[in-house]
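Breakdown of the fold
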Amino acid sequence: MKKSLLKNNQGFTLIELLVSFIIITSSVLGIFSLIIQNIQVQKIKKDQLIASQLAQEGLELVRNIRDYNWLHDDIYDTWYGITGGSSVEFSIIDYNDSAEAGVTPVTGISDPQTRLYKNANGFYTHDVTGTATQFSRVIKIEYDDITSPEQIMVESNVQWEINGKTYNYIADTILYDWR
C-alpha cells in the first residue's frame, strides 16, 4: 500500500508553477498601480485645496481693503488702492497690504511677480525672500466708474503646474459700495 501512494504522488509541473506565478505577479502589479495612482490623485487634490484657499484669500484681500477704506472714509474713497480707474486691472495683493500700499499691477498670470512664496511663518506671499511654491496668483479687477461706480468685479486666479500639466482655480465675486 505504501508503494502505490508514493507512486501516485506527483508534484507541480512547470506549467502549473508558471501559471500561478503569472497570476500572483499580475495581482501584485495591479495593487501597486492602484497605490501609485492613489498617491498621484491625492497630490492633485491637495494642491486643488490649497489653490481654492489661495483664490478665496485673494477675494478677501480686496474686500479687506474696501472695508478699511470704509472705516477711514474721511481719508479714502471706497475703491482707493484697489482700482486705478481703468476697466480691467491685474494685481497682486498680500495679506499685509493696505489701502495706503495699494495693489501692485501686473500684466497677467504669466507675470513673474505673481509667483507665491511661503515665508517663515507659513504664509503665502509675493515676497521673494520666502521659499518658492508652484502657485501663482493674480487678481483681476473690473471697474467701470461711469456706468456702475458702486461695484467692482473681482476674480482671483491661482495657477500651478504638476508634471508639465497646468491647473487653474478661479474664484470670483462682485463687491458693492452699499454703505
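The following refers to the structure shown. The structure displayed is predicted, hence computed values, not measured ones. Along each chain, the written sequence defines residue order, and numbers are assigned to residues from 1. Local features in this predicted model are restricted to residues whose pLDDT is 70 or higher, and side-chain atom pairs enter the listing and the counts only when it is 80 or higher, whereas totals over whole chains, interfaces and linings include all residues. The basis for every side-chain value is the complete set of heavy atoms in the structure, and neither hydrogens nor water enter the calculation.

1. Considerations on the nonpolar core
Counting 25 residues, the largest nonpolar core has Val62, Phe135 and Ile152 as its most contacted members. Under the DSSP-based scheme used, a helix requires at least four consecutive residues in state H or I and a strand at least two consecutive residues in state E, with every element numbered from the N terminus. The set of elements that each furnish at least two residues to this core consists of helix 2 (14–71), strand 5 (131–144), strand 6 (148–162) and strand 7 (165–176). A per-element tally of this core places helix 2 first, with 7 residues. As used in this record, nonpolar core signifies buried Ala, Val, Leu, Ile, Met, Phe, Trp, Tyr and Cys residues forming a set joined through side-chain atoms within 4.5 Å. Categorising residues by exposure relies on relative accessible area from a 1.4 Å probe, with only protein chains included: less than 20% of the type maximum marks a residue as buried, more than 50% marks it as exposed, and the intermediate range marks it as partly exposed.

2. Quick notes on the pairing of strand 7
Whether two strands pair comes down to DSSP finding at least two bridges between them. Judged from the 12 bridges that link them, strand 6 and strand 7 form a sheet pairing that is antiparallel. Paired with Asn157 across the strands is Ile170, a residue of strand 7. Hairpin connection of strand 6 to strand 7: 2 residues between the antiparallel strands, including Asn163 at a positive phi of 50°.

3. Side note on the packing of aromatic side chains
Under the pairing criterion, centres of Phe, Tyr and Trp rings, with the six-membered ring standing for Trp, must be within 6.5 Å; the plane angle then separates stacked pairs below 30 degrees from edge-to-face pairs above 60, leaving the rest tilted. In total, this model carries 6 aromatic pairs according to the counting rule given. Pairing Tyr68 with Tyr76 gives two aromatic rings, centres 6.1 Å apart and planes at 40°, and the pair type is tilted. On the basis of relative accessible area, Tyr68 is assigned to the partly exposed category, the value being 26%. An angle of 20° between the planes, with centres 4.7 Å apart, marks the rings of Tyr76 and Tyr80 as stacked. The buried category is assigned to Tyr76, whose relative accessible area is 12%. Judged by relative accessible area, Tyr80 falls into the partly exposed class, the value being 38%. An aromatic cluster is defined as three or more aromatic residues linked by ring pairs; in this entry it consists of Tyr124, Phe135, Trp160 and Tyr167.

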